[in-house]
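Remarks on the overall topology
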Amino acid sequence: MPSTVILGTGSYAPERVLTNDDLARTVETSDEWIRTRTGIRERRIAGPGENTSDMAVQAAQRALADAGLTPADIDLLVVATITPDLPMPACACLVQAKLGVPTAAACFDLNAACSGFVFALDTVCAMLASGRYKKALVIGVEKLSAVIDWQDRTTCVLFGDGAGAVVVGVSPEEGRGFIGSRLGTMGESADLLCIPRGGSAAPSTAESIAARDHCIRMKGKEVFKLAVRGMDDAARDILEQHRVRPDQIALVIPHQANLRIIEAIAAYLELPMDRFFVNVDRYGNTSAASIPLALDEARKSGRIKPGDLTLLVAFGAGLTYGSALVRW
Ligand code: COA
C-alpha cells in the first residue's frame, strides 16, 4: 500500500470574536461559569453573508498554498460538515466551484459531526491508497452559529464557527503520513446530541421554528461521559493496534469541545497536558473544523516536527468517535 501523506494545512476563523462576557449580556451565564466548566473564553462568529463554503474556501486556499499546489491539482474533495450552505447540493460542490477545482474531481460531503474530519481523512486516505485518485482536499468546516439556540445557555456558550483543511497525496516513502485509524459509532445514543427538526422525518413547521427545534439540542452531562469514554477507547485501541506507547506520541490533537474532556483523556493515557494541543479557549467547539484548525495551528506554531508521531482523536454527534495516527 502506498503511504498517504499530508502535504499542507490551512485554517480560517471569522473575524468577529464573541466573548463570554458578550454572551452574559444575552443569557444568564458568566465568564467564570463558562471558563471553569469548559475552558472556553471566546469563539468566532461568521460575518453577515459569510457562508460555510466561503470559510471552507479560505482554509483550502491556505492549505493548497502550504502544499505548493493549486486547485487544478485536486481530483478528490471531501467536506466534513453538519452545517452545509444548503440541504442540497453538497457543500463540497459549492466549494469546488468557488475554488476552481476541475470538473473531473469527485466532490462530496461527509456528516460525522465533530468526528467528521477524522472520518473524512480515513475515507480520503483509503481512496488515495486505491490508486484511483492522486491529490485530495479534506476540509472540516462549520457555521454552527446558524444552528445554535441563542436563548439556550446550556448550548450557546459552547460552539463557534471556523474551518480547517489539509491537502493529502501519495508518497513512495514508507512509514510516513497516515498510519491508521479507528472509527466507531454509538447510534443508540443519537438523541443525546441532535437537531430534532428540519430533516425528512420531521420537516420544520412555523411552530417548530418558533420553538427553535431546528437548533442543536444536547444532554450535556451524558454526552460528557460518553465523549471521555469514546475518545479514550479510540485512542487506546489505535495505540494497541499499532504497538505504540502513549509516551511515543509527540502531540495529541484532540477534538476541542471542553478542556475538562481533554484533561480526562490526558489522565487516562497518563500523558502530561503539554502533549495535548489546546485552542478551545479561543474557538470553542467548532465541530468538524476543530481538529484541522488545531492541526494547522500546531504545525504553524512549530509544535509538530518532521518524524513526530501525532494522534488525532475525536468525538461527536451520532454519536461518533475516531482516532488517527499520523507520522510527519
Ligand atoms: N451558565 C450558567 N449556568 C449554566 C449554564 C451556563 N451557560 N449552562 C448550564 N448551567 C447550569 C445548569 O442549568 C445547572 O443548573 P441546576 O443545577 O440549577 O440545574 C448547572 O449549571 C450545572 O449544570 P450541569 O449540566 O451539571 O453542568 P456540567 O458540569 O455538566 O457542565 C457542560 C455542562 C455542558 C459544560 C458539560 O456537560 C459538557 O461539557 N458536556 C459535553 C458537551 C460537549 O462537549 N458536547 C459536544 C461533544 S462533541
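Every chain is numbered on its own, with residues counted from 1 as its sequence reads. Reporting in this predicted model follows two pLDDT cut-offs: at least 70 for local features of residues, and 80 or more for side-chain atom pairs to be given and counted; totals over whole chains, interfaces and linings ignore these cut-offs and use all residues. Side-chain numbers come from the whole structure's heavy atoms, not from hydrogens or water.

Brief notes about the site of the ligand
Near is defined per residue: the residue qualifies when any heavy atom it owns lies within 4 Å of the molecule or strand. The ligand sits among 22 residues. The nearest are Thr29, Arg37, Arg153, Lys221 and Asn258. In protein, a polar contact requires one atom able to donate a hydrogen and another able to accept it; more generally it is a pair of N or O atoms within 3.5 Å, and residues adjacent in sequence count only if both atoms are side-chain atoms. Threonine 29 places a polar side-chain atom, nitrogen or oxygen, 2.7 Å from a nitrogen atom of the ligand. Here arginine 153 contributes a backbone N or O atom positioned 2.9 Å from a nitrogen atom of the ligand. When the ligand sits alone it has 960 Å² of accessible area, and the protein chains cover 74% of it. In this text, helices come from DSSP runs of H or I with a minimum length of four residues, and strands from runs of E with a minimum of two, each type numbered from the N-terminal end. Those elements that provide at least two residues to the shell around the ligand are helix H2 (31–38), helix H6 (153–156), helix H8 (220–241), helix H9 (259–269) and strand S12 (309–316). When residues in the shell around the ligand are grouped by element, the largest group, four residues, is from H8. All accessible areas in this document rest on Shrake-Rupley with a 1.4 Å probe, and a residue is counted as covered only by the protein chains that are shown.

As for the nonpolar core
Ile249, Phe276, Phe315 and Leu325 are the most contacted members of the largest nonpolar core, which has 46 residues in total. Of all elements in the fold, only H8, H9, S12 and strand S13 (320–327) reach the threshold of two or more residues within this core. The leading source of residues in this core is H8, at nine residues. Nonpolar cores were defined as sets of buried Ala, Val, Leu, Ile, Met, Phe, Trp, Tyr and Cys residues, with membership established by side-chain atoms within 4.5 Å. Only protein chains enter the accessibility calculation, which uses a 1.4 Å probe; a residue is then buried when its area is under 20% of its type maximum, exposed when over 50%, and partly exposed in between.

Section: the pattern of salt bridges
If charged atoms from side chains of opposite charge come close, those side chains can pair. The salt bridge criterion pairs a side-chain nitrogen of Lys or Arg with a carboxyl oxygen of Asp or Glu, the two atoms within 4 Å. For the coordinates displayed, the defined rule picks out 14 salt bridges. The residue glutamate 297 makes a salt bridge to arginine 282 at a minimum N-O spacing of 2.7 Å. Separated by 15 residues along the polypeptide, glutamate 297 in helix H11 (residues 290–300) and arginine 282 in helix H10 (residues 280–283) bring together distant segments of the chain. Judged by relative accessible area, glutamate 297 falls into the buried class, the value being 17%. Judged by its relative accessible area of 32%, arginine 282 falls in the partly exposed class.

Some remarks on the packing of H8 against H9
In this description, a line fitted to the C-alpha atoms serves as the axis of each element, helices being fitted only across the stretch in contact, and the angle between N-to-C directions of two axes falls anywhere from 0 to 180 degrees. Axis separation between H8 and H9 bottoms out at 10 Å; the angle between their running directions is 40°. Overall, the two elements H8 and H9 adopt an arrangement that is oblique. Helix-helix and strand crossings are classified by hand; for H8 and H9 the assignment is right-handed. Of the residues in H9, those touching H8 at Phe224, Ala227, Val228, Met231, Asp232, Ala235 and Arg236 are Arg260, Ile261, Ala264, Ile265, Tyr268 and Leu269. Working rule for angles: under 35 degrees goes down as roughly parallel, over 145 as roughly antiparallel, 65 to 115 as roughly perpendicular, anything else as oblique. The handedness criterion is simple: a crossing whose near helix is rotated anticlockwise from the far helix by less than a right angle is left-handed, and one whose near helix is rotated clockwise is right-handed. Here, two residues are considered to be in contact whenever any of their heavy atoms come within 4.5 Å of each other.

Here's the deal with the pairing of strand S1 (residues 3–12)
Burial of S1 is extensive: nine of the 10 residues sit out of reach of the surface. Following DSSP output, two strands are said to pair if at least two bridges run between them. Relative to strand S7 (residues 161–171), S1 runs antiparallel, the two sharing nine bridges. Paired with isoleucine 6 across the strands is valine 168, a residue of S7.

Comments concerning the domain arrangement of the protein
Accessible area lost when the parts come together is the quantity often used to give the size of an interface. For the protein, the domain assignment lists domain 1 (3–174) and domain 2 (178–327). Boundaries of every domain are those given by an automatic assignment or by a domain database. Placing a centre on the C-alpha atoms of domain 1 and another on those of domain 2 gives a separation of 14 Å. Domain 1 puts 51 residues into the contact, and the matching count from domain 2 is 45 residues. Between domain 1 and domain 2, roughly 3,800 Å² of surface is buried when both sides are summed, and carbon and sulfur atoms account for 62% of that area. Contact with domain 2 buries surface across domain 1, with Cys114, Val118 and Phe119 losing the most and accounting together for 16% of the total. Where domain 1 touches domain 2, the interface holds four salt bridges. One salt bridge in this structure joins arginine 217 and aspartate 152, with 3.9 Å as the shortest N-O distance. Elements represented by at least two residues in the side of domain 1 that touches domain 2 include exactly S1, H2, strand S3 (42–45), helix H5 (116–129), strand S6 (135–143), H6 and S7. No other element matches the seven residues that S1 contributes to the side of domain 1 that touches domain 2. Under the scheme applied here, ten amino acids are nonpolar (Ala, Val, Leu, Ile, Met, Phe, Trp, Tyr, Cys and Pro), four are charged (Asp, Glu, Lys and Arg), and all others, including Gly, are polar. Each residue belonging to the side of domain 1 that touches domain 2 can be placed in one class, and the counts come to 23 nonpolar, 17 polar and 11 charged. Accessible area that two parts lose when put together, evaluated with a 1.4 Å probe and summed over both, is termed the buried area.

A closer look at the sheet that holds S13
Each strand in a sheet pairs with another by means of backbone hydrogen bonds, the pair being arranged parallel or else antiparallel. The four strands are arranged S8-S13-S12-S11 in an open sheet whose pairing can be described as mixed. Two strands in the sheet have a free side with no partner beyond their single neighbour: strand S8 (177–185) and strand S11 (251–254). Across the sheet, the mean angle from the axis of one strand to that of its neighbour is 15°, orientation sign disregarded. Pairing of S8 with S13, which is carried by eight bridges, proceeds in the antiparallel orientation. Across the sheet, residue arginine 182 finds its bridge partner in S13, namely serine 323.

Focus: the sheet that holds S6
Ordered in space as S1-S7-S6-S4-S5, the five strands form an open sheet in which the pairing is mixed. Of all strands in the sheet, those with a lone pairing partner are S1 and strand S5 (106–110), marking the two edges. Adjacent strand axes in the sheet meet at a mean angle of 20° when their direction is disregarded. Sheet analysis places strand S4 (residues 76–80) next to S6, joined by five bridges and oriented parallel. Within S6, the residue paired with alanine 80 across the bridge is glycine 140. Against the sheet, H11 contacts S1, S6 and S7, and its axis sits at roughly 95° relative to S1.

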